Amino acid sequence: MSNTVHVLNGPNLNLLGTREPGIYGAATLADVEALCRAEAERHGFDILFRQTNSEGTLVDLIQAARGVRGIVLNAAAYTHTSVALRDAVAAVGVPMIEVHLSNVFAREDFRHHSYLSPVARGVICGFGPQSYVLAIAALATMPASP
Ligand code: DQA
């Protein structure tokens, strides 16, 4: 069991900072990464932080997380569409926390359903970049599997 947490980000999150700032705020993905690294350090975790616009690459990244301490996953729009991502999470058997910057339940109906929530250990949404920080802190409360 490694002490690494994989923080995986899906489509359009590379545009954070300029993308619909009224919804997603002014922080860039680099800012989110810096917050994640600081929180990980507090818990003695290493961080692998990745973003991709491609669903298949996200499947590959989830598969590559087999054996790590946990996955923090903001699958962005794929949250609401992707059986493949859900199956990948179920296959690797690593605790996954689903995160969203925005409160998806206060938004359009199509964002209320997540294919990922049933295979997540928990879901954190609506706290902007702090959603990621809270997810890393939550992983730290979970015992590492042998
Ligand atoms: C998001 C919410 C999703 O509905 C949306 O498609 C995103 C970002 C969030 O972090 O709030 O791209 O995952």
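None of these values were measured; they are calculated from a predicted model. (Residues numbered from 1 in each chain as written. Predicted model: local features only at pLDDT ≥ 70, side-chain atom pairs only at ≥ 80, totals over all residues. Heavy atoms only, no water.)

*Asks:* Just checking my understanding: could you explain the environment of I23 for this structure?
*Replies:* Position of I23 relative to the elements: it lies in helix α1 (residues 21-24). With a relative accessible area of 36%, I23 lands in the partly exposed category. Between the alpha carbons of I23 and S102 there is a distance of 6.5 Å; along the sequence they are 79 residues apart. With residues near it in sequence (within four places) discarded, I23 still touches S102 and R107. (Helix = DSSP H or I, 4+ residues; strand = E, 2+ residues; numbered from the N terminus. Buried < 20%, exposed > 50% of the residue type's maximum accessible area, 1.4 Å probe, protein only. Contact = heavy atoms within 4.5 Å.)

*Asks:* I keep staring at unusual backbone geometry and nothing clicks. Help me out?
*Replies:* Residues apart from glycine generally show negative phi values, whereas peptide bonds are mostly found in trans. Here the phi dihedral of E20 falls at roughly 35°; this positive angle occurs in a residue that is not glycine. Inspection of the secondary structure assignment puts E20 in the loop between β1 (4-9) and α1. Note on E20: relative accessible area 45%, which makes it partly exposed. With a phi close to 50°, A76 is a non-glycine residue in the positive phi region. Exposure remark for A76: the relative accessible area of 11% places this residue in the buried category.

*Asks:* Where do I start with the pattern of salt bridges in this structure?
*Replies:* As a working rule, side chains carrying opposite charge can pair if their charged atoms are close by. In this structure the tally under the stated criterion is four salt bridges. The partner of E39 in a salt bridge is R42, with the nearest N and O atoms 2.7 Å apart. With E39 and R42 both in helix α2 (residues 29-43) and three residues apart, this pair spans about one turn of that helix. Residue class for E39 comes out buried when judged on its relative accessible area of 6%. Judged by its relative accessible area of 61%, R42 falls in the exposed class. The shortest N-O distance in the salt bridge between E108 and R111 comes to 2.7 Å. Residue R111 is classed as buried on the basis of its relative accessible area of 16%. (Salt bridge = Lys/Arg side-chain N within 4 Å of Asp/Glu carboxyl O.)

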